[in-house]
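Tertiary structure, described
Residue-level listing of the chains:
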Amino acid sequence: MQKQTIGFIGLGVMGKSMARNIMKAGYPLIGYSRTKEKCADLITEGMRWADTVQDVAVNAEIILTMVGFPKDVEEVYLGEHGLINQAKAGTYLIDMTTSAPQLAKKLFAAGKEKGIHVLDAPVSGGDIGARNGALAIMVGGEKKDFDMITPLFRTMGTNIEYQGSAGSGQHTKLCNQMAIAGTMIGVCESLVYAKRAGLDPETVLKSISGGAAGSFSLTNLAPRILKGDFEPGFYIKHFIKDLKIVLDESEALGLDFPGVSLAKSLYEELAEEGLGEKGTQALYKYWK
């Protein structure tokens with residue numbers, strides 16, 4: 001049976017690798033991003049280029065989005081020429097951006113009115129997970145829609161979990177970002193301490209990454225820090241956005257998280273110094 005045509009909107013650091021893995025699995029792909037030149041390799045590999053979001057909406061049966069900020073999500077989905085207004089009834093729309101849970105619920109309701117299936121499915125694993133098809137995918141929406149899309153999710157991820165009704169995927173991703181926020185502070189502080197104490201940071205890393213302190217950040221991002229590689233697997237500017245959403249949602253729930261507030265303030269200082277386009281591991285530069 002011929003596989004359904006997949007649309008992909010937002011072919012950045014992670015989206016490009018996710019789209020490539022979808023094509024490798026044999027799905028026809030139509031893609032749109034703000035800068036066509038950055039997608040030249042995908043086009044060469046067989047992706048059909050779309051000139052607009054509307055072009056994707058009318059030519060794909062399942063459409064994934066991986067854009068930057070909630071305002072971008074809202075524009076792509078709810079704009080006059082956006083997905084909700086242009087896609088055919090029966091289309092599946094899956095937002096994989098880390099966005100606001102309340103916006104995910106709004107998109108689900110808008111899609112429901114038009115017979116369009118909407119899922120929120122943010123991911124974790126950074127550029128490494130995206131390249132390797134090993135992302136964690138956290139999904140909110142109707143269970144039958146999740147079951148329908150799971151084979152497609154498996155082309156991009158290995159840890160795929162249905163979390164509940166619309167917005168649940170986004171809430172779960174916020175939990176993920178909270179855990180990372182504290183971990184990244186610990187990783188950077190430990191490397192700064194090791195260097196100041198006269199230790200060999202690489203040898204220290206061998207010891208602590210395999211012990212109780214072990215984490216994705218320690219295993220994958222700490223080596224980048226030691227090499228002076230601060231290019232993004234995940235942008236600081238997007239992490240600040242995520243932590244702001246965490247704090248907004250936490251306030252609505254009557255919760256106060258000083259650890260998240262501290263992490264957000266540290267990253268904001270780096271962004272003010274012009275490092276917003278660097279990866280989250282560039283937090284190390286706060287102590288430099």
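Structure's up top.
Residues numbered from 1 in each chain as written. Predicted model: local features only at pLDDT ≥ 70, side-chain atom pairs only at ≥ 80, totals over all residues. Heavy atoms only, no water.

With respect to the overall build of the protein
Just so we agree on the cut-off: The secondary structure listing takes helices from DSSP runs of H or I that are at least 4 residues long and strands from runs of E that are at least 2 residues long, numbered from the N terminus. Each radius of gyration reported is based on C-alpha atoms, and the globular scaling rule is 2.2 Å times the count of residues to the power 0.38. Only protein chains enter the accessibility calculation, which uses a 1.4 Å probe; a residue whose area is less than 20% of its type maximum is buried, one above 50% is exposed, and one in between is partly exposed. Residue contacts are counted whenever heavy atoms from the two residues lie within 4.5 Å of one another. Using a 1.4 Å probe, the Shrake-Rupley method yields the accessible areas, and only the shown protein chains count as cover for residues. In this count, Lys and Arg are taken as positive residues and Asp and Glu as negative ones, while His and the chain termini are left out. A charged residue contributes its charge at one atom only: NZ of Lys, CZ of Arg, CG of Asp or CD of Glu.
Scanning the protein from N- to C-terminus turns up 13 helices and nine strands. For the protein, whose C-alpha radius of gyration is 19 Å, the value lies close to the compact-globule estimate of 19 Å for 288 residues. Across its three principal directions, the C-alpha atoms of the protein cover 65 × 45 × 35 Å. The burial tally for the protein puts 52% of its 288 residues in the buried class. Look at the contacts in the protein between residues 6 or more apart in sequence, and 65% of them connect residues 24 or more apart. When the accessible area of the protein is evaluated, it comes to approximately 13200 Å², of which 52% is carbon and sulfur surface. Charge centroids of the protein, computed over 31 positive and 33 negative side chains, lie 5 Å from each other.

Description of helix 9 (residues 168-196)
The criterion, for reference: What a helix should span is 1.5 Å times the count of its residues minus one.
In this model helix 9 runs 43 Å from its N-terminal to its C-terminal C-alpha over 29 residues, within 8% of the 42 Å that 1.5 Å per residue would give. Immediately beyond the C-terminal end of helix 9, within one or two residues, lies G198, with a positive phi of roughly 85°.

What about the pairing of strand 1 (residues 6-9)?
To keep things clear, this is the line we draw: Assignment of crossover handedness uses the view with strands pointing away from the viewer, where a clockwise path from the first strand over the helix to the second indicates a right-handed crossover. In short, DSSP must find at least two bridges between two strands for them to pair.
A two-sided burial pattern is seen for strand 1, the buried positions comprising I6 and F8 on one face and G7 and I9 on the other. Crossover handedness for the path strand 1 to helix 1 (residues 15-24) to strand 2 (residues 29-32): right-handed. By the bridge criterion, four bridges tie strand 1 to strand 4 (residues 62-65) in an arrangement that is parallel. Note that in strand 4 the partner of G7 across the bridge is I63.

Regarding empty space enclosed by the protein
Condition: The method works on a 1 Å grid over the protein atoms by themselves. A cavity is a set of points holding a 1.4 Å probe that cannot get out, a pocket is an open set with protein on both sides within 12 Å along at least five of seven lines, and residues with an atom within 4 Å of a point line them. Grid points are joined across faces, edges and corners, and a volume is the space filled by probe spheres set on the points. Classes in brief: Ala, Val, Leu, Ile, Met, Phe, Trp, Tyr, Cys and Pro nonpolar; Asp, Glu, Lys and Arg charged; the others, Gly included, polar.
Evaluated as defined, the whole model comprises one cavity of 30 Å³ or more. Put simply, the largest cavity is a space of about 40 Å³. In terms of lining residues, the largest cavity is bounded by D95, S99, A100, A104, L107, V118, L119, D120 and Q170. For the lining of the largest cavity, the secondary structure elements donating two or more residues are helix 6 (101-113) and strand 6 (117-120). Here the residues of the lining of the largest cavity sort into five nonpolar, two polar and two charged.

What about the nonpolar core?
So the rule is basically this: What we call a nonpolar core is a set of buried Ala, Val, Leu, Ile, Met, Phe, Trp, Tyr and Cys residues that are connected through their side-chain atoms within 4.5 Å.
Core analysis: the biggest nonpolar cluster contains 50 residues, and I9, Y77, L83, L93, Y267 and L283 have the highest contact counts within it. For this core, the secondary structure elements donating two or more residues are helix 3 (53-59), helix 4 (70-78), helix 5 (83-86), helix 6, helix 9, helix 11 (216-226), helix 12 (236-252) and helix 13 (258-272). Ranked by the residues each element gives to this core, the list is headed by helix 9, at seven residues. In this structure, L93 is in contact with I63, Y77, L83, I84, I116, H117, V118 and L119, ignoring residues within four places of it in sequence. Residues C39, M47, A121 and I160 belong to the second largest nonpolar core, which totals 33 residues.

A few points about the environment of S261
Following the sequence through the fold, S261 ends up in helix 13. Separated by 80 residues in the primary sequence, S261 and A181 have C-alpha atoms spaced 9.5 Å apart.

Focus: the packing of helix 9 against helix 11
This is how the line gets drawn: Axis geometry follows a simple rule: fit a line to the C-alpha atoms, using only the stretch in contact for helices, then measure angles between N-to-C directions, giving values from 0 to 180 degrees. Roughly parallel refers to an angle under 35 degrees, roughly antiparallel to one over 145, roughly perpendicular to one between 65 and 115, and oblique to any angle outside these ranges. By definition, turning the near helix anticlockwise from the far helix through less than a right angle yields a left-handed crossing, and turning it clockwise yields a right-handed one.
Interhelical geometry of helix 9 versus helix 11 gives an angle of 45° and a closest axis separation of 11 Å. Here helix 9 lies oblique to helix 11, going by the angle between them. Here helix 9 runs over helix 11; the crossing is right-handed. Residues T183, M184, V187, C188 and L191 of helix 9 pack against S217, L218, L221, A222, I225 and L226 of helix 11. Considering only residue class, the contact of helix 9 with helix 11 consists of nine nonpolar, two polar and no charged.

Some details on helix 13
Heads up, the condition is: The arc in question is traced by the directions running from the helix axis to the C-beta atoms.
Under the 1.5 Å per step criterion, the end-to-end length of helix 13 is 21 Å for 15 residues, consistent within 8% with the ideal 21 Å. Every buried residue belonging to helix 13 is among V260, A263, K264, L266, Y267 and L270, and all of these are buried. Angularly, the buried residues of helix 13 cover 165° about the axis, an arc narrow enough to put them on a single face. Away from its buried face by more than 90 degrees, helix 13 exposes P258 and E272.

A look at the pattern of salt bridges
Put simply, the test is: Every case where a carboxyl oxygen of Asp or Glu lies within 4 Å of a side-chain nitrogen of Lys or Arg is listed as a salt bridge.
Counted by the stated rule, this structure contains 18 salt bridges. For D147, the salt bridge goes to K143, with nearest N and O atoms at 2.8 Å. One end of the pair, D147, and the other, K143, are both in helix 8 (residues 143-153), four residues apart, so they sit about a helical turn from each other. Looking at K143, the relative accessible area reads 40%, which means it is partly exposed. D242 is the partner of K241 in a salt bridge, and the nearest nitrogen-oxygen pair spans 2.8 Å. Among the residues examined, D242 registers a relative accessible area of 0% and is labelled buried. It is possible to trace a salt-bridge network through shared partners that takes in K16, R20, D41 and E45.

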